[in-house]
Amino acid sequence: MKVCQAGINFFLIVLVGCLTACAQNKQGTEVVFWKPGERLDFSDFKAKPKQDSANNSTVNNIHKLGVIVKSIDVQIITSNDKTVFTIYAGMIPGLSWIKTSGDSITLRHEQGHFDICEIYARRLRKDIRNVASIKEAKKLYNKISLEEEAEHDIYDSENKYSNGGIIPAWRKKIERQLLLLQQYQQPVVEMVFRK
């Protein structure tokens, strides 16, 4: 199951900061950024499953085995006439959980969500090169975020625990999309906006 953390997605950074593979967002929450060749591990899921007191089920009775809280994280640095967008697919370990340690099926499923998030981060990196302002960039971000959420819903409906968490067709689709967008895997996009 995916959860979008919209509150941390698009924010302005005035001072240049150092970003690492595991950083802090503006609320001080640890964020793990998607990196080529690295896979999520059980240690990346640090939260405890939340119980719904009304019916004693977990998280709205939708997904009882695991949750990944992820989003496309966009940071903007503007100086003089240059704007630098740093765009990552990130997940928040402190809000993400897998009910049973060692449940590789759920881990595989949640990795699929993280990979989909990276695909849409790459699409944003690609398409943001065609915008003429930060306002247009925000509109593009909102459009791509809606498309990403729709993709996660389809992914969840077609990839159940009973079929191994992710079916071969989805695994191939994700691999193909990551490969097609490989030239956009670098998170930094520099822009000069004409006034």
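Residues numbered from 1 in each chain as written. Predicted model: local features only at pLDDT ≥ 70, side-chain atom pairs only at ≥ 80, totals over all residues. Heavy atoms only, no water.

Student: Would you take a moment to explain the nonpolar core for this structure?
Tutor: In a soluble, globular protein the nonpolar side chains are often hidden away together inside. Within the largest apolar cluster, 37 residues are counted, with the highest numbers of intra-cluster contacts made by Ile72, Val74, Phe85, Ile87, Leu124, Ile128 and Ile174. If you list the elements that add at least two residues to this core, you get strand E7 (66-79), strand E8 (82-91), helix H1 (104-127), helix H2 (134-158), helix H3 (168-180) and strand E10 (188-192). Take this core: its biggest share by element is eight residues, from H1. Other than its neighbours up to four places away in sequence, Leu124 contacts Ile72, Val74, Ile87, Leu140, Tyr141 and Ile144. Val31, Val69, Tyr88 and Trp97 belong to the second largest nonpolar core, which has eight residues in total. (Core = buried A, V, L, I, M, F, W, Y, C linked by side-chain atoms within 4.5 Å. Buried < 20%, exposed > 50% of the residue type's maximum accessible area, 1.4 Å probe, protein only. Helix = DSSP H or I, 4+ residues; strand = E, 2+ residues; numbered from the N terminus. Contact = heavy atoms within 4.5 Å.)

Student: Explain the pattern of salt bridges here, please?
Tutor: Oppositely charged side chains may form a pair once their charged atoms are brought near each other. Scanning all chains against the criterion turns up 11 salt bridges. For Arg122, the salt bridge goes to Glu118, with nearest N and O atoms at 2.8 Å. Of the two residues, Arg122 and Glu118 both sit in helix H1, four residues apart, roughly one turn of that helix. Residues Arg122 and Glu118 agree in their burial class; the two are buried. One salt bridge in this structure joins Arg125 and Glu118, with 3.1 Å as the shortest N-O distance. One network of salt bridges, in which partners are shared, links Lys70, Glu148 and Glu149. (Salt bridge = Lys/Arg side-chain N within 4 Å of Asp/Glu carboxyl O.)

Student: I'm lost on the packing of H1 against H3 in this one. Help?
Tutor: Between two packed helices, what matters for the description is the angle formed by their axes and the separation of those axes. Where H1 meets H3, the closest approach of the two axes is 10 Å, and the angle between their N-to-C directions is 30°. As summarised for this structure, H1 and H3 are arranged roughly parallel, according to the angle between their axes. Where H1 crosses over H3, the handedness of that crossing is left-handed. Each of Arg108, Gly112, Asp115, Ile116, Glu118, Ile119 and Arg122 in H1 lies in contact with H3, whose residues at this interface are Trp170, Arg171, Ile174, Gln177 and Leu178. (Axes fitted to C-alpha atoms, helices over the stretch in contact; angles between N-to-C directions. Parallel < 35°, antiparallel > 145°, perpendicular 65-115°, else oblique. Left-handed = near helix turned anticlockwise from the far one by under 90°.)

Student: Looking at this structure, how should I read the environment of Pro93?
Tutor: Tracing the backbone shows Pro93 in the loop between E8 and strand E9 (97-98). Judged by its relative accessible area of 0%, Pro93 is buried. For the pair Pro93 and Val31, spaced 62 residues apart in sequence, the C-alpha separation works out to 6.7 Å. Ignoring any residue separated from it by four or fewer positions in sequence, one finds Pro93 in contact with Glu30, Val31, Val32, Asp44, Phe45, Lys46 and Ala47.

Student: Please clarify how the packing of aromatic side chains should be interpreted in this entry.
Tutor: Given two aromatic rings, one states the distance between the centres and the angle between the planes to describe the pair. The tally for this structure, following the rule as stated, stands at three aromatic pairs. A cation over an aromatic ring shows up here: Lys173 above the ring of Trp170, its NZ or CZ 4.3 Å from the ring centre. (Phe/Tyr/Trp six-rings, centres within 6.5 Å; stacked < 30°, edge-to-face > 60°. Lys NZ or Arg CZ within 6 Å of the ring centre and 35° of its normal.)

Student: Hey, could you run me through unusual backbone geometry in this one?
Tutor: Leaving glycine out, the prevailing phi sign among residues is negative, and the prevailing peptide bond configuration is trans. Although it is not a glycine, Asn80 adopts a positive phi angle of roughly 55°. Turning to its location among the elements, Asn80 is positioned in the loop between E7 and E8.

Student: Any chance you could explain the side chain of Asn159 here in plain terms?
Tutor: Relative to the helices and strands, Asn159 is located in the loop between H2 and H3. Of the residues examined, Asn159 reaches a relative accessible area of 3% and is grouped as buried. Polar side-chain contacts of Asn159 include one of 2.8 Å to the backbone oxygen of Tyr155. (Polar contact = N/O pair within 3.5 Å; in protein donor to acceptor, adjacent residues only side chain to side chain.)

Student: Whenever I open this one, the pairing of E8 confuses me. Can you help?
Tutor: Walk down a regular strand and you will see the side chains alternate between the two sheet faces. Within E8, nine of the 10 residues are buried, leaving the element largely enclosed by the surrounding structure. Across two bridges, the pairing between strand E4 (residues 30-33) and E8 is antiparallel. Considered in E8, the bridge of Phe33 is made with Gly90. Relative to E8, E7 runs antiparallel, the two sharing 10 bridges. Across the sheet, residue Ser79 finds its bridge partner in E8, namely Lys82. Joining the antiparallel neighbours E7 and E8 is a turn of two residues, in which Asn80 adopts a positive phi near 55°. Here five bridges tie E8 to E10, and the two strands are oriented antiparallel to one another. Its bridge partner lying in E10, Thr83 is registered against Met191. (Pairing = 2+ DSSP bridges.)

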